[in-house]
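# Report on the structure
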Amino acid sequence: MECAKEILKVTQIPSIPETLKAIIQATNNPNVNSSHLEKLVIRDAGISLRLLKMVNSSYYSLPQRVKSIKQAIVLLGFSAVKNIASGLAMIETFGRMDKIDQNYVGMIWNHSLTVSRFTQIFNKMSGLKTSDDVMMAGMVHDIGHLIMNRHFESDYRALLDKNCFFPSVDEEMMRFSIDHAALGGVLMEEWKFAPAVVDLVRNHHCAIDTYKGNVSEISRLMLADKLAENLYASDKFFEDHTDCPQSISAITKVAGLVWEVMRAKAPLFTEAMAYGF
């Protein structure tokens, strides 16, 4: 933990963006309503514009063009807009930093948005409601990769060159004696995210049988993460696996999901994948 905090200090990660800070504080207040969230989001013109662009994308297929944050909240819901705005505020903070490959920032954002969307699909498929904490964790779970990218610079990028996607936690530990999940968890804690979100981010690569928290929720985050990685690697992932792949069979079961049902709903996952930043 101390090593992670020292890395954050040396890397000069900025303090929490004001928009994100305000959203987190507000959503921890049970009396906050949609009108308050709208006022917080529209303070930041850049985030507002990008959020509206996302809401009007083909993924949401809304019956009318959304022209305001208020309208977005009505159509998508409080939680969805809060999560998207929070993710945008965080990713734009890193996007403005030097010594970080902007293509990599975009890749992290696309993956994170996809993972968050997948957790929502799991809700619809299983009838078991995943908490808002899981969807938020999906949006921010890999932020530690950006910290490592900036702090370890060329050494970290050498690992990226070896991988078609992200370095594994084993590779990170072997090379740097710390992994992105630990770094992301510490940053989430310092930025005052809900304790449940901090815990999910910190443990999204842990051994499921050793996890002490809500096993159903961590398994859904893990499954969404793995599924997104596999689908980015091959859009024929479902088609190529009649049976549940061994790499995700355990967490699929713990998450309360059925591979055959997921496979039958493959188009839902394909449509939910984010491209472009």
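In this report, the structure presented in the accompanying data block is examined. (Residues numbered from 1 in each chain as written. Predicted model: local features only at pLDDT ≥ 70, side-chain atom pairs only at ≥ 80, totals over all residues. Heavy atoms only, no water.)

Turning our attention to the overall build of the chain. Helix and strand content of the chain: 17 helices and zero strands. Relative to the compact-globule value of 19 Å for 277 residues, the chain shows a C-alpha radius of gyration of 18 Å, a close match. Dimensions of the chain along its principal axes, counting C-alpha atoms only, are 50 × 45 × 35 Å. A burial count over the chain gives 51% of its 277 residues as buried. Of the roughly 13,200 Å² that the chain leaves accessible, carbon and sulfur atoms contribute 51%. The averaged location of the 31 negative side-chain charges in the chain is 8 Å from the averaged location of its 29 positive side-chain charges. (Helix = DSSP H or I, 4+ residues; strand = E, 2+ residues; numbered from the N terminus. Rg over C-alpha atoms; globule rule 2.2 N^0.38 Å. Buried < 20%, exposed > 50% of the residue type's maximum accessible area, 1.4 Å probe, protein only. Areas by Shrake-Rupley, 256 points an atom, 1.4 Å probe, with all protein chains shown as cover. Lys, Arg positive; Asp, Glu negative; His and termini not counted. Charge placed at Lys NZ, Arg CZ, Asp CG, Glu CD.)

Empty space among the atoms can be located by rolling a probe the size of a water molecule over them. Applying the stated criterion across every chain yields a total of one cavity of 30 Å³ or more. Put simply, the largest cavity is a space of about 40 Å³. Lining the largest cavity, in full, are Gly87, Met90, Ile91, Ile108, Trp109, Ser112, Met139, Val140 and Ile143. Tallied by class, the residues present in the lining of the largest cavity amount to seven nonpolar, two polar and no charged. (1 Å grid on protein atoms, 1.4 Å probe; cavity = no way out; pocket = protein on both sides within 12 Å on 5 of 7 lines; lining within 4 Å. Points joined across faces, edges and corners; volume = space filled by probe spheres on them. Nonpolar A, V, L, I, M, F, W, Y, C, P; charged D, E, K, R; others polar.)

Right, let's talk about helix α13 (residues 215–233) for a bit. With 19 residues, α13 ought to run about 27 Å at 1.5 Å a step, and its terminal C-alpha atoms sit 27 Å apart, in line with that. Those residues of α13 that fall on the buried side of the exposure criterion are Glu217, Ile218, Ser219, Arg220, Leu221, Met222, Leu223, Ala224, Asp225, Leu227, Ala228 and Leu231. Measuring from the backbone nitrogen of Ser216 back to the side-chain oxygen at the start of α13 gives 3.2 Å, which picks out Asn214 as the cap. (Expected span 1.5 Å × (residues − 1). Polar contact = N/O pair within 3.5 Å; in protein donor to acceptor, adjacent residues only side chain to side chain.)

Next up on the list: helix α12 (residues 195–202). Regarding α12, the residues found buried are Val197, Val198, Leu200 and Val201. Summarising the axial view, the buried residues of α12 lie within an arc of 165°, below the 170-degree limit, and thus occupy one face. Buried-residue contacts for α12 involve α8 (132–140), α11 (180–190) and α13. (Arc of directions from axis to C-beta. Contact = heavy atoms within 4.5 Å.)

Scanning the model with the defined rule gives five salt bridges in all. Across the pair Asp155 and Arg175 runs a salt bridge whose closest N-O atoms are separated by 4.0 Å. Taken together, the residues span a long stretch of sequence, with Asp155 in helix α9 (residues 143–162) and Arg175 in helix α10 (residues 169–176) at a distance of 20 residues. For Asp155, a relative accessible area of 39% puts it in the partly exposed group. With relative accessibility at 43%, the residue Arg175 sits in the partly exposed group. The shortest N-O distance in the salt bridge between Arg202 and Glu189 comes to 3.4 Å. Of the two residues, Arg202 sits in helix α12 while Glu189 sits in helix α11, which places them 13 residues apart along the sequence. Accessibility expressed as a relative area gives 37% for Glu189, which makes it partly exposed. (Salt bridge = Lys/Arg side-chain N within 4 Å of Asp/Glu carboxyl O.)

Here we come to the nonpolar core. Ranked by size, the top nonpolar core spans 94 residues in total, and within it Leu51, Phe94, Phe118, Phe193, Met262 and Phe269 carry the most contacts. Examining the composition of this core, we find that ten residues originate from one element, helix α7 (residues 102–126), more than from any other. (Core = buried A, V, L, I, M, F, W, Y, C linked by side-chain atoms within 4.5 Å.)

Attention now moves to the packing of α8 against α12. Taken N-terminus to C-terminus, the directions of α8 and α12 make an angle of 50°; their axes are 9 Å apart at the nearest point. In this view, α8 runs oblique relative to α12, as classed from their interaxial angle. The handedness of the crossing between α8 and α12 is right-handed. Between α8, through Asp133, Val134, Met136, Ala137 and Val140, and α12, the contact on the second element is made entirely by Ala196, Val197, Leu200 and Val201. Split into classes, the residues belonging to the contact of α8 with α12 amount to eight nonpolar, no polar and one charged. (Axes fitted to C-alpha atoms, helices over the stretch in contact; angles between N-to-C directions. Parallel < 35°, antiparallel > 145°, perpendicular 65-115°, else oblique. Left-handed = near helix turned anticlockwise from the far one by under 90°.)

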